[in-house]
Amino acid sequence: MKIAFSKKLKKRSQALSMVAILVVAILLINLIVSAVQLRLDLTENKEFSLSPITKTTIKNLEDVVNIKAYFSGDLNARLQPIKSSVEDILSEYAAQSHGNILISFVDPKTTPGIEHELSTVGIPPIQFEIIDNDKYELANGYMGLGIFYGDKTEAIPVVQSLSTLEYDLTAAIKKVTREEIPVIGYITSNGTTGADTAFAPIYKDISQRFTVQNIDLSSATEITDEIGILILAGPTEQFTDWQLYLIDQFMMKGGSLVAFIENHTIGENLAAEPLSTGIEKLLKHYGLTLEEKIIGDASNSIASFRTQFGQFITQYPMWVQIPKTGMNPESAIVNRLEGVVLPWASYFTFEKDAFTSLINTTDQSWTKNITDSLDPTNQQPGTDAGTRSLAVQFSGSLTSYFKDKDIPAPPESAGEAFSISDKKTEGETARMYVVADNDFATEGFLLQHASNSVLALNIIDAAAQDEALLSIRARTIDNRPIEQLSPTKKSFIKWGNILIVPVILIVLGLLRSTLRKRRSKKASA
């Protein structure tokens with residue numbers, strides 16, 4: 001008994017020693033790691049690490065950038081983690097800048113006279129709820145960033161999303177430190193998508209990074225030389241020859257055109273009508289033809305529709321979902337996207353080698369006449385299956401559409417004193433980025449498909465020759481569409497899932513039975 005008790009005591013003391021050693025080891029590792037500040041980012045897109053573009057941007061700063069974080073000290077518990085994360089991200093910016101980024105946190109509620117600075121920078125108060133002495137109250141506070149470089153100032157008014165903070169912050173730093181900010185012209189006439197309505201999310205984003213001028217072609221006499229990028233989003237009204245001439249001469253001067261265009265309108269009960277604005281004949285002269293069809297595809301998105309009997313959700317072939325395999329792998333505009341959705345899109349054919357397809361359908365896409373039914377309950381694949389191009393880019397020289405034509409008459413608003421500049425018939429190196437759909441970039445679809453926003457903004461950045469931010473923006477998108485499978489593969493997976501578990505159980509049962517019989521024979525022998 002004494003020997004057994006002694007052995008138990010020895011084992012217990014050994015166990016306690018092992019536990020003590022383990023605790024001490026954990027404490028030591030904790031102290032070492034906290035001192036070294038080691039971080040390991042295991043996400044595929046390195047979402048919790050600064051991107052190479054951000055590191056390059058801040059390492060190349062020629063002077064000091066001051067970043068002020070205006071955060072109220074009494075933020076509620078739900079918002080406090082955002083403040084902590086912002087502190088972590090800003091500390092990384094400072095560490096990578098070698099002293100060229102200075103960070104300071106300001107609590108507006110404890111800083112007298114800060115209101116004027118907040119107003120000048122553009123940091124508005126926000127409302128949040130607090131519970132004090134068991135009472136629910138609303139309080140005003142601040143969660144914004146100010147970026148200062150010399151006499152230039154940019155603001156992130158409210159830090160709403162940590163997933164886009166690096167993009168917003170690096171874009172703000174690039175804007176305040178660049179010597180010349182590109183000027184974008186947004187065409188507001190000819191029934192284009194409203195900059196303050198359906199196109200508002202895109203318009204707001206580009207306005208924060210570029211200088212944007214609205215252009216009304218119905219009264220314009222020229223597109224000034226300072227404008228380097230022209231955006232044409234979903235025109236629905238006819239262009240006059242003078243308006244086409246202005247766009248043509250803009251291209252002849254080496255401008256960049258971003259066009260999201262349609263060849264139809266969608267009315268009530270999903271009735272489509274052909275649409276011709278005249279811009280398609282300009283593009284056709286340049287070598288790009290917008291075909292008078294609507295695309296359907298086996299790779300498609302879920303759509304929600306309202307009927308007299310209520311709302312229903314269904315897979316809708318006319319909302320084409322482009323998988324990653326449909327993105328041009330050599331284009332930084334799209335090669336990081338996992339997928340986008342283009343509703344009621346048409347497609348392009350092109351002649352010149354200077355055109356490059358950015359986005360293609362699967363080889364199971366088909367076409368419909370514009371006036372055919374778009375009823376979601378009755379869509380069958382067509383017989384003309386094949387791959388089609390939905391977005392293209394062009395870079396090269398062009399010949400003017402008006403080379404052998406007279407210069408059109410300017411609008412009456414030009415006045416008698418207006419003098420028309422000489423016509424350019426051969427262009428400098430121009431660029432075009434054209435998508436055979438406009439709905440994809442409107443607010444309703446951007447809310448459903450975040451990658452659509454990335455596509456639209458990437459195209460505009462590429463047109464502005466500011467492609468550095470493309471890789472940062474795409475890292476925030478985690479849409480992973482399910483791979484489209486053939487009917488044979490679907491059947492194989494279906495029956496495999498049904499049969500594999502019973503088959504495994506049967507095999508295990510037979511093995512167990514065989515082993516038991518062998519043991520019984522050995523025991524009886």
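Structure: above.
Keep in mind that what you see is a predicted model, and the values were worked out from it rather than measured.

> Would you explain helix α3 (residues 80–96) in this entry?
A turn of α-helix holds 3.6 residues, and therefore any two residues three or four places apart point the same way. Taking 1.5 Å per residue, 17 residues should reach 24 Å; α3 reaches 25 Å between its end C-alpha atoms and fits that length. Residues of α3 that are buried: I82, K83, V86, I89, L90 and Y93. Axial view of α3: buried residues confined to an arc of 130°, hence all on one face. For α3, the elements touching its buried residues are α2 (52–59), β1 (65–71), β2 (101–106), β5 (143–149) and α5 (165–177). Of the residues one or two after α3, H98 is the one with positive phi, at around 55°.

> Would you mind going over the sheet that holds strand β16 (residues 310–323) with me for this structure?
Pairing between the strands of a sheet is mediated by backbone hydrogen bonds and can be parallel or antiparallel. Across the sheet, three strands lie side by side as β15-β16-β17; this open sheet has antiparallel pairing. Looking along the sheet, the strands with just one partner apiece sit at the ends: β15 (300–307) and β17 (339–343). Adjacent strand axes in the sheet meet at a mean angle of 45° when their direction is disregarded. By the bridge criterion, eight bridges tie β15 to β16 in an arrangement that is antiparallel. The residue of β16 that forms the bridge with S304 is I313.

> Just to check I follow, could you spell out the sheet that holds β1 for this structure?
In space, the four strands of this open sheet follow the order β2-β1-β5-β6, with mixed pairing throughout. With one partner strand each, in any of the chains shown, β2 and β6 (152–156) form the two edges of the open sheet. Strand-to-strand, the axes of this sheet are offset by a mean angle of 20°, without reference to chain direction. Both β1 and β2 contribute to a ladder of six bridges, which runs parallel. Bridge assignment links N66 to a residue of β2, and that residue is L102. In the packing of α3 onto the sheet, the strands contacted are β1, β2 and β5, and the crossing angle to β2 comes to about 160°.

> Explain a nonpolar patch on the surface here, please?
On the surface, a nonpolar cluster with roughly 1000 Å² of combined accessible area is contributed by W495, I498, L499, I500, V501, V503, I504, L505, V507, L508 and L511. Relative to the helices and strands, W495 resides in helix α12 (residues 487–524).

> How should the pattern of salt bridges be read in this particular structure?
Oppositely charged side chains are able to pair whenever their charged atoms sit close together. Counted according to the given criterion, the structure contains eight salt bridges. Between K175 and E154 there is a salt bridge, and its shortest N-O distance comes to 3.6 Å. On the criterion of sequence distance, the pair formed by K175 in helix α5 and E154 in strand β6 is long-range, its members being 21 residues apart. You'll find K175 and E154 in the same group, each marked buried. Among the ionic pairs, D225 bridges to K253, the shortest N-O distance being 3.3 Å. Separated by 28 residues along the polypeptide, D225 in the loop between β8 (211–215) and β9 (227–233) and K253 in the loop between α7 (241–252) and β10 (256–260) bring together distant segments of the chain. D225 sits in the exposed class, given a relative accessible area of 65%. Taken together, the salt bridges that share partners define one network made up of D205, R209 and D461.

> What am I meant to see in a negative patch on the surface here?
On the surface, a cluster of negative charge is contributed by E62, D63, E179 and E180. Structurally, E179 can be placed in the loop between α5 and β7 (183–187). Here E179 falls in the exposed class, since its relative accessible area comes to 81%.

Reading the values: the criteria
- Residues numbered from 1 in each chain as written.
- Predicted model: local features only at pLDDT ≥ 70, side-chain atom pairs only at ≥ 80, totals over all residues.
- Heavy atoms only, no water.
- Helix = DSSP H or I, 4+ residues; strand = E, 2+ residues; numbered from the N terminus.
- Expected span 1.5 Å × (residues − 1).
- Buried < 20%, exposed > 50% of the residue type's maximum accessible area, 1.4 Å probe, protein only.
- Arc of directions from axis to C-beta.
- Contact = heavy atoms within 4.5 Å.
- Pairing = 2+ DSSP bridges.
- Axes fitted to C-alpha atoms, helices over the stretch in contact; angles between N-to-C directions.
- Patch = residues over 30% accessible without salt bridge, like charges linked within 9 Å, V, L, I, M, F, W, Y side chains within 5 Å.
- Areas by Shrake-Rupley, 256 points an atom, 1.4 Å probe, with all protein chains shown as cover.
- Salt bridge = Lys/Arg side-chain N within 4 Å of Asp/Glu carboxyl O.
- Lys, Arg positive; Asp, Glu negative; His and termini not counted.
- Charge placed at Lys NZ, Arg CZ, Asp CG, Glu CD.

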